Amino acid sequence: MPRDYYEILGIQKDASPDDIKRAYRQMAKKYHPDVSAESKDVAEAKFKELSEAYEVLSDPGKRQTYDQYGHDGVKQQFSGGGGFSWNDFTHADDVSDIFGDLFGSIFGNSYGRRGTVQRNSPAQGESLRYDLEIDLGDVFHGKTVEISVPHTAACTDCGGNGGKDGKSETCRQCGGQGQVQRVSRTPFGNMVQVTDCPECRGSGRTSKEKCPKCRGSGYLNVTSKVTVNIPKGIEDNSRIRVPRAGDAGHNGGPPGDLIVVVHVKASQDFKRDGADLWTTVKTTYPRLVLGGEETVGTIDGETVSLTIPSGTQVGGVLRMLGKGLPKMNLGTRGNMFVRIMMDVPQKVSAEEKELLLQMDGGAGKKAKPKIARRKKSD
Ligand SMILES: [Zn+2]
Ligand SMILES: [Zn+2]
């Protein structure tokens, strides 16, 4: 957080322009790196801080904005993770312009979305992200979805130039360049800065009267229906780009894109591994031993018969060819792997119990359970 500009210059909030100039000269002499008694780093930092404070407070417009918004306004403008969105810009009051200029001039272009790029050159609009959740059935069948996308569009009344009835003229202050050179006098010479034109905010065009529909911004907030085709077999976290469905372009540039990020919900019945599916089927002990049939639900929604070979172990895996998901753009399908588990009954009838005991004995086990002596029969 930078220090208060008034404090840096050692002046009161109601200081006159002359006071500010005088204070700056005094302090600048003291802290100029060439003459300062401080170490070079400290002197440079102080001098930079000082120049920044003077830059703002010596300009009546900037001073007013600073008084109104303080450093918080600045911080907000720069904390967006490197991205100024168009909304930030169009709704920005003078703060962003002022501090854009300011930081541009003092710190070079390191903060700069603007940098040396001409702001009045056509630029693509912002791309938008939309997160779409689908289920495994949608992956199997493919899906067409219509989504509502809020975005900006060029104002229909002014065609995007922000002037009433679309009227605009070349900015007189910058001659349509969108940028102006400004010379600041310092006690040590002139500092030349190239900044966005304050009159046209860098667009190179001005309008006498603002378009009432978009309040001069040239943009409207609209919601469009966009149809997105989800191909069969799509992987989780895939991105589908819908060209030009994003925010409106700047200065006649094309709109941004819409990026649909597809999330595939986990399924209770199947675990996915690429185009292959995994599922579990429970069968009985006799079928494991002797072999038999089980039914399995597939991703198609069908029930198919699965042959359990004799001697199948618990946890064994059987493969059902071509019963997996479609492979994108190939027209073929992956496989379904079925893990065989055993259904152990919690309750058995007397007959079943008898049979189980016989089986157990028949298998050559010496230890007979006590329960064997309490048989009903005989
Ligand atoms: Zn308009
Ligand atoms: Zn201009």
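What counts, and where the lines are drawn
- Residues numbered from 1 in each chain as written.
- Chains lettered and ligands numbered in written order.
- Predicted model: local features only at pLDDT ≥ 70, side-chain atom pairs only at ≥ 80, totals over all residues.
- Heavy atoms only, no water.
- Helix = DSSP H or I, 4+ residues; strand = E, 2+ residues; numbered from the N terminus.
- Buried < 20%, exposed > 50% of the residue type's maximum accessible area, 1.4 Å probe, protein only.
- Contact = heavy atoms within 4.5 Å.
- Areas by Shrake-Rupley, 256 points an atom, 1.4 Å probe, with all protein chains shown as cover.
- Donors = N, O, S within 2.8 Å, 3.2 Å for Na, K, Ca; no water.
- Tetrahedral: all angles 85-135°; square planar, octahedral: opposite > 155°, others 65-115°.
- Pairing = 2+ DSSP bridges.
- Axes fitted to C-alpha atoms, helices over the stretch in contact; angles between N-to-C directions.
- Salt bridge = Lys/Arg side-chain N within 4 Å of Asp/Glu carboxyl O.
- Parallel < 35°, antiparallel > 145°, perpendicular 65-115°, else oblique.
- Left-handed = near helix turned anticlockwise from the far one by under 90°.
- Nonpolar A, V, L, I, M, F, W, Y, C, P; charged D, E, K, R; others polar.
- Phe/Tyr/Trp six-rings, centres within 6.5 Å; stacked < 30°, edge-to-face > 60°.
- 1 Å grid on protein atoms, 1.4 Å probe; cavity = no way out; pocket = protein on both sides within 12 Å on 5 of 7 lines; lining within 4 Å.
- Points joined across faces, edges and corners; volume = space filled by probe spheres on them.
- Core = buried A, V, L, I, M, F, W, Y, C linked by side-chain atoms within 4.5 Å.
- Domains from an automatic or database assignment.

A. Main features of the overall build of the protein chain. When helices and strands are counted, the protein chain shows nine helices and 15 strands. Expressed as a percentage of the 378 residues in the protein chain, the buried residues total 36%. For the protein chain, contacts bridging at least 24 residues in sequence account for 64% of all contacts bridging at least 6. Put simply, the protein chain shows about 22,900 Å² of open surface, and 48% of that area lies on carbon and sulfur atoms.

B. A look at the coordination of the zinc ion (ligand 1). For the zinc ion (ligand 1), every protein donor is listed as Cys155 (SG), Cys158 (SG), Cys211 (SG) and Cys214 (SG), and the spread of their distances is 2.2 to 2.3 Å. Of note is the zinc ion (ligand 1), whose four donor atoms meet at the metal with angles of 103 to 118 degrees in an arrangement that counts as tetrahedral. Residue class for Cys155 comes out buried when judged on its relative accessible area of 2%.

C. Region of interest: the sheet that holds strand 15 (residues 336-342). Strands sit in the order 10-11-15-14 across an open sheet of four strands; the sheet is mixed. Looking at strand neighbours, the two that pair on one side only are strand 10 (271-273) and strand 14 (317-320), the edges of this open sheet. The average angle at which neighbouring strand axes cross in this sheet is 30 degrees, direction not considered. Pairing of strand 11 (residues 276-283) with strand 15, which is carried by seven bridges, proceeds in the parallel orientation. Bridge pairing in strand 15 places Val281 opposite Ile340.

D. Spotlight on the pattern of salt bridges. One pass over the full model with this rule turns up 15 salt bridges. A salt bridge links Glu55 to Lys62, with the shortest nitrogen-to-oxygen separation between them at 3.3 Å. Judged by its relative accessible area of 4%, Lys62 is buried. Glu55 sits in the buried class, given a relative accessible area of 10%. Through salt bridges with shared partners, a single network forms among Arg3, Glu7 and Glu49.

E. Just the packing of helix 2 (residues 17-31) against helix 3 (residues 40-57), in detail. Taken N-terminus to C-terminus, the directions of helix 2 and helix 3 make an angle of 165 degrees; their axes are 10 Å apart at the nearest point. Comparing the axis directions of helix 2 and helix 3 gives the class roughly antiparallel. Here helix 2 runs over helix 3; the crossing is left-handed. Within the contact between the two elements, helix 2 uses Ile20, Lys21, Tyr24, Met27, Ala28 and Tyr31 and helix 3 uses Ala43, Lys46, Phe47, Leu50, Ser51, Tyr54 and Leu57. When grouped by side-chain class, the residues that make up the contact of helix 2 with helix 3 number 10 nonpolar, one polar and two charged.

F. Molecular detail of the packing of aromatic side chains. Overall, the coordinates contain four aromatic pairs when judged by the stated rule. Considering the side-chain rings of Tyr6 and Tyr66, the 6.2 Å spacing of their centres and the 40 degrees angle between planes classify their relative orientation as tilted. Placement of the pair is Tyr6 in helix 1 (residues 5-9) and Tyr66 in helix 4 (residues 60-78), with a sequence separation of 60 residues. A connected cluster of aromatic rings, assembled from ring pairs, spans Tyr5, Tyr6 and Tyr66.

G. Structural context of the coordination of the zinc ion (ligand 2). Within the protein, Cys171 (SG), Cys174 (SG), Cys197 (SG) and Cys200 (SG) serve as the donor atoms for the zinc ion (ligand 2), at 2.2 to 2.3 Å. Coordination at the zinc ion (ligand 2) is tetrahedral, judged from the four donor atoms that bind it and the angles of 104 to 116 degrees they form at the metal.

H. Here's a closer look at the layout of surface pockets. Of the voids in this model, the second largest pocket is the one considered here, and its volume is about 560 Å³. Lining the second largest pocket are 23 residues, and of these Tyr54, Ser58, Ser184, Arg185 and Thr186 lie nearest its centre. A per-class count over the lining of the second largest pocket returns 10 nonpolar, five polar and eight charged.

I. Structural view of the pairing of strand 14. What you see with strand 14 is a clean split: Leu318 and Met320 sit on the buried side and Val317 and Arg319 on the side with no burial. Of the strand pairs in this sheet, strand 14 and strand 15 are connected by four bridges, and their pairing is antiparallel. By the bridge assignment for strand 15, Val317 is matched with Arg339.

J. Spatial organisation of the nonpolar core. If you look at the biggest cluster of nonpolar residues, it comprises 35 residues, and the most contacted ones within it are Val228, Ile230, Leu258 and Val260. Here this core spans two domains, and each of domain 2 (128-155 + 216-264) and domain 3 (271-374) adds at least three residues to it. Setting aside anything within four residues of it in sequence, one finds Leu258 in contact with Leu128, Tyr130, Ile147, Val149, Val226, Ile240, Arg241, Val242, Ala245 and Gly246. Membership of the second largest hydrophobic core comes to 19 residues, among which are Ile8, Ile20, Ala28 and Ala53.

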